[in-house]
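Observations on the model geometry
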Amino acid sequence: MPSDDHAVMDLRLVVGLNVQRIRRAQALSQEELSFRSGFTRAYLSGLEAGRRNPTLLSLAKLATALSVDIEELTKRPGKNARASAGDCAVAPRERRKGKS
């Protein structure tokens, strides 16, 4: 069962990193994406950090707000991007451990 939890967390990170990458490529702030999507900036921050589990409807709203296909939000990065995604994924886990 832990492997299922890991797979779910991994997908959350993939979605979050894709949203962040696309948002930054479009030179949008989280606040601007918030206005476009209807989500709060705090929600978007949590989503980009992989702490949120967006529904399909949420992914559809984000894709529309970013003018991309929903598949772009769930696409796993290539090998080179995976290393940086792993680096980004470590920080939130370390912070949670420090708070415990």
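Basis of the calculations
- Residues numbered from 1 in each chain as written.
- Predicted model: local features only at pLDDT ≥ 70, side-chain atom pairs only at ≥ 80, totals over all residues.
- Heavy atoms only, no water.
- Salt bridge = Lys/Arg side-chain N within 4 Å of Asp/Glu carboxyl O.
- Helix = DSSP H or I, 4+ residues; strand = E, 2+ residues; numbered from the N terminus.
- Buried < 20%, exposed > 50% of the residue type's maximum accessible area, 1.4 Å probe, protein only.
- Axes fitted to C-alpha atoms, helices over the stretch in contact; angles between N-to-C directions.
- Parallel < 35°, antiparallel > 145°, perpendicular 65-115°, else oblique.
- Left-handed = near helix turned anticlockwise from the far one by under 90°.
- Contact = heavy atoms within 4.5 Å.
- Nonpolar A, V, L, I, M, F, W, Y, C, P; charged D, E, K, R; others polar.
- Core = buried A, V, L, I, M, F, W, Y, C linked by side-chain atoms within 4.5 Å.
- Phe/Tyr/Trp six-rings, centres within 6.5 Å; stacked < 30°, edge-to-face > 60°.
- Lys NZ or Arg CZ within 6 Å of the ring centre and 35° of its normal.
- Arc of directions from axis to C-beta.

Let's shift gears to the pattern of salt bridges. Considering all chains together, one arrives at four salt bridges under this definition. For Arg36, the salt bridge is made with Glu32, and the minimal N-O distance between the two is 3.3 Å. Separated by four residues within a single helix, Arg36 and Glu32 lie in helix α2 (residues 30–37), roughly one turn from each other. Two residues, Lys75 and Glu72, come together in a salt bridge whose shortest N-O distance is 3.1 Å. Judged by its relative accessible area of 42%, Lys75 is partly exposed.

What follows covers the packing of α2 against helix α4 (residues 56–66). At a minimum axis distance of 9 Å, the contact between α2 and α4 shows a crossing angle of 115°. As far as their axial angle goes, α4 and α2 are roughly perpendicular. The chirality of how α2 crosses α4 is right-handed. Counting all contacts with α2, which are made through Leu33, Arg36 and Ser37, the residues of α4 involved are Lys61, Leu62, Ala65 and Leu66. Along the lines of polarity and charge, the residues of the contact of α2 with α4 split into four nonpolar, one polar and two charged.

Attention now goes to the nonpolar core. Ranked by size, the top nonpolar core spans 15 residues in total, and within it Val19, Leu33, Leu44, Leu47, Leu62, Leu66 and Leu73 carry the most contacts. Secondary-structure elements contributing two or more residues to this core are α1 (2–25), α3 (41–48) and α4. Among the elements that line this core, the one with the most residues is α4, at five residues. Setting aside residues no more than four positions away along its own chain, Leu73 makes contact with Val14, Val15, Asn18, Val19, Ile22, Leu59, Leu62, Ala63, Leu66 and Val68.

Think of an α-helix as turning once every 3.6 residues; residues three or four places apart then point the same way. Residues of α3 that are buried include every one of Tyr43, Leu44, Gly46, Leu47 and Glu48, and no others. Backbone geometry just downstream of α3 places Gly50 in the positive-phi region, at approximately 80°.

Take the packing of α2 against α3 next. Running from N to C, α2 and α3 cross one another at 110°; their axes reach a closest spacing of 9 Å. In terms of their interaxial angle, α2 and α3 are classed as roughly perpendicular. Helix-helix and strand crossings are classified by hand; for α2 and α3 the assignment is right-handed. Judged by residue contacts, Gln30, Glu31, Leu33, Ser34 and Ser37 of α2 engage Arg41, Leu44, Ser45 and Glu48 from α3. Here the residues of the contact of α2 with α3 sort into two nonpolar, four polar and three charged.

Further remarks concern the packing of aromatic side chains. Under the criterion given, the structure shown has one aromatic pair. Lying over the aromatic face of Phe39, Lys61 brings its terminal NZ or CZ to 4.7 Å of the ring centre.

Turning next to α4. Looking at α4, one finds that the buried residues are Ser58, Leu59, Leu62, Ala63, Ala65 and Leu66. Along the axis of α4, the buried positions cluster into a sector of 165°, meaning they face one direction only. Of the exposed residues in α4, those oriented more than 90 degrees away from the buried face are Leu56, Leu57 and Thr64. Within two residues after α4, Ser67 carries a phi angle of roughly 55°, on the positive side.

The values are spatial; any link to function lies outside them.
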